[in-house]
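# Topology and contacts: notes
Here is what each chain is made of, one letter per residue.
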Amino acid sequence: MIRFLILLGFALMFLSIHFQGQLNKYINMRYAYLSISAIVILLFLCIIELIRMDRLEKAAKKKAEATELQRAEGHICKENHEHIHSHVHDHESSVHLHDDFGHTHESSSKWKRAIGYLILAFPIFTGIFLPVSTLDSSFVKAKGFSFPSMELSLSEQNPGVHQFLKPDSSVFFGKQGYNEFKSKELEQFINLSTISLDDESYMKGMEVIYNYPGKFMGRTISFDGFAYKGEQVDGDHYFIFRFGFIHCAADSGVFGMLVHFPKETNLNDDDWVHVTGKLTSELYQPFKQVIPVLNVTEFKKIAAPKDPYVYRLY
């Protein structure tokens, strides 16, 4: 029964993730079929476990009925009865000795099984009942803020480090394959005089702009995000970010752009804004390199979206 409950619990946990729309945080939607397959397999194993338990119960019931029938019909002779009695006595003696000398082993096995079931039950409980915490600027502060050189791809650096500012999907391609991929995605934006980055195009558009900043200078760009001032930004500059997932949580990061606001603009960390402006560039001393900067022409505060995260769609 416990095995059945564990299998059912994992199936319900995956179903809960699907229905809550949280799947993107764990697996890229290209591979969503893997999660669906896991649900189907787990439910199938639940059915098999139910069938197994039912068969065991029926077998035990038939055995008990057969024993009662044999006794009722008197098929067990006195000699066999004495033999069985002697065998049972020997068995009871053996069990008694086992209880004397092996009780600790049996108790230890029960504890190991109990601990194993608790370990399996823990992710089910947390996955279904504990709320999902939304990432905010405190994550950026805790991790520290850095921006690798735009001349180096993620695959040439440390792919295990969370990404900042520039989405970099090069780790999933070879060098030649990524160059072809970049050129193909550039075609989707290069002829747009105004680039409006919504939830679906945010990650793709940011990667294209950072890969080809010179081609987009002077273009009008708009997007939503939360403000982050930090300790490195002075004056009327704020970073405007979105937390995003390129493939899964392992290569997630905080992506966006340094934005130059009108004088005396006052934003708090985690304030959500919609910004529109012209793309320029500046030498950003903490990074010791020139980076794209959005020179704001219009902005407004907005409410945080229902799903604050963005995902890399291919």
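Residues numbered from 1 in each chain as written. Predicted model: local features only at pLDDT ≥ 70, side-chain atom pairs only at ≥ 80, totals over all residues. Heavy atoms only, no water.

## Brief notes about the overall build of the chain
Using the following cut-off: Per the convention used, a helix needs a DSSP run of H or I reaching at least four residues, while a strand needs a run of E reaching at least two, with both numbered from the N terminus. Buried residues are those whose accessible area, probed at 1.4 Å on protein chains only, stays under 20% of the maximum for their type, while exposed residues exceed 50% and partly exposed ones sit between those limits. Between two residues, a contact is recorded if the distance between any of their heavy atoms is within 4.5 Å. To be clear on the numbers: accessible area is Shrake-Rupley with a 1.4 Å probe, and residue cover counts the displayed protein chains and nothing else.
Looking only at helices and strands, one finds six helices and eight strands in the chain. Shown N-terminal to C-terminal, the secondary structure of the chain runs as helices and strands in the order α-α-α-α-β-α-β-α-β-β-β-β-β-β. Out of the 314 residues in the chain, the part that is buried amounts to 37%. A sequence separation of at least 24 residues applies to 67% of the contacts in the chain between residues at least 6 apart. Here the chain has roughly 19,400 Å² of accessible surface; of this, 59% comes from carbon and sulfur atoms.

## Brief notes about helix α6 (residues 202–211)
The buried fraction of α6 amounts to 10 of the 10 residues, a majority that puts the element mostly inside the structure. Every buried residue of α6 is listed here: Y202, M203, K204, G205, M206, E207, V208, I209, Y210 and N211.

## A look at the pattern of salt bridges
Two side chains bearing opposite charge may form a pair once their charged atoms approach each other closely. Threshold: Only one rule defines a salt bridge in this text: a Lys or Arg side-chain nitrogen within 4 Å of an Asp or Glu carboxyl oxygen.
Following the criterion strictly, the structure yields five salt bridges and no others. Among the ionic pairs, R312 bridges to E185, the shortest N-O distance being 2.6 Å. Of this pair, R312 sits in the segment after β8 (310–311) while E185 sits in helix α5 (residues 175–186), placing them 127 residues apart in sequence. By the burial criterion, R312 is buried, and E185 matches it. With its nearest N and O atoms 3.8 Å apart, the salt bridge here joins D271 to K301.

## Describing the pairing of strand β2 (residues 194–197)
Stated formally: At least two DSSP bridges between two strands are needed for those strands to be called paired. With the strands aimed away from the viewer, a crossover counts as right-handed if its path from the first strand over the helix to the second runs clockwise.
Because side chains alternate across β2, one face comprises the buried residues I195 and L197, and the other comprises T194 and S196, none of which is buried. Across four bridges, the pairing between β2 and strand β3 (residues 220–228) is parallel. Paired with I195 across the two strands is I221, which belongs to β3. For the crossover that starts at β2, traverses α6 and ends in the parallel β3, the hand is right-handed.

## Remarks on the packing of aromatic side chains
What counts, and what does not: Between rings of Phe, Tyr and Trp, where Trp is taken as its six-membered ring, a pair exists when centres lie within 6.5 Å; planes separated by under 30 degrees are stacked, by over 60 edge-to-face, and by other angles tilted.
With the rule as written, the count across this model stands at 14 aromatic pairs. Between F173 and F181, the ring centres sit 4.5 Å apart and the planes meet at 25 degrees, which makes this aromatic pair stacked. Looking at F173, the relative accessible area reads 29%, which means it is partly exposed. F181 gets classed as buried once you look at its relative accessible area, which sits at 15%.

## A few points about the confidence of the model for the chain
Quick note on the threshold: Scored from 0 to 100, pLDDT reflects the predictor's confidence in each residue.
Scored by pLDDT, the chain comes out at a mean of 75, with 59% of its residues at no less than 70. Contacts from residues 91–104, a stretch scored under 50 in pLDDT, to residues over four places away or in other chains number three contacts.

## Some details on the pairing of strand β7 (residues 289–301)
Both strand β5 (residues 252–260) and β7 contribute to a ladder of three bridges, which runs parallel. Looking at β7, one finds that L258 is bridged to V293. Linkage of strand β6 (residues 272–284) to β7, two consecutive antiparallel strands, is achieved through a turn of four residues, within which K288 is found at a positive phi near 60 degrees.

## A few points about a nonpolar patch on the surface
Condition: To count toward a patch, a residue needs a relative accessible area over 30% and no salt bridge; like charges are then connected within 9 Å, while nonpolar side chains (Val, Leu, Ile, Met, Phe, Trp, Tyr) are connected within 5 Å.
Among the surface-exposed residues, I41, F44, L45 and I48 lie close enough to one another that they form a single nonpolar patch of about 370 Å² accessible area. Structurally, the position occupied by L45 is in helix α2 (residues 32–73). A residue is classified by how much of its surface remains accessible, and L45, at 35% relative accessible area, is partly exposed.

## A word on the packing of α5 against α6
What counts, and what does not: The axes used here are C-alpha line fits, helices contributing only the stretch in contact, and every angle between their N-to-C directions lies in the interval 0 to 180 degrees. In these notes the angle categories are as follows: under 35 degrees is roughly parallel, over 145 is roughly antiparallel, 65 to 115 is roughly perpendicular, and the rest is oblique. Three classes are used, and their members are as follows: Ala, Val, Leu, Ile, Met, Phe, Trp, Tyr, Cys and Pro are nonpolar, Asp, Glu, Lys and Arg are charged, and the others, Gly among them, are polar.
Interaxial distance between α5 and α6 falls to 10 Å at its minimum, and their mutual angle equals 110 degrees. With respect to α6, the axis of α5 lies roughly perpendicular. Taken together, the residues of α6 that come into contact with α5 (itself represented by Y178, K182, E185 and L186) are K204, E207, V208 and N211. In the contact of α5 with α6, the residues fall into three nonpolar, one polar and four charged.

## Section: the environment of S170
Our working rule: Whenever a nitrogen or oxygen atom comes within 3.5 Å of another N or O atom, the pair is scored as a polar contact, on the condition that within protein one atom can donate a hydrogen and the other can accept it, and that pairs from neighbouring residues in sequence are kept only if both atoms are in side chains.
You can see S170 is positioned in the loop between β1 (163–165) and α5. Judged by its relative accessible area of 2%, S170 is buried. Looking at S170, its side chain comes within polar contact range of the side chain of D168, at 2.6 Å.

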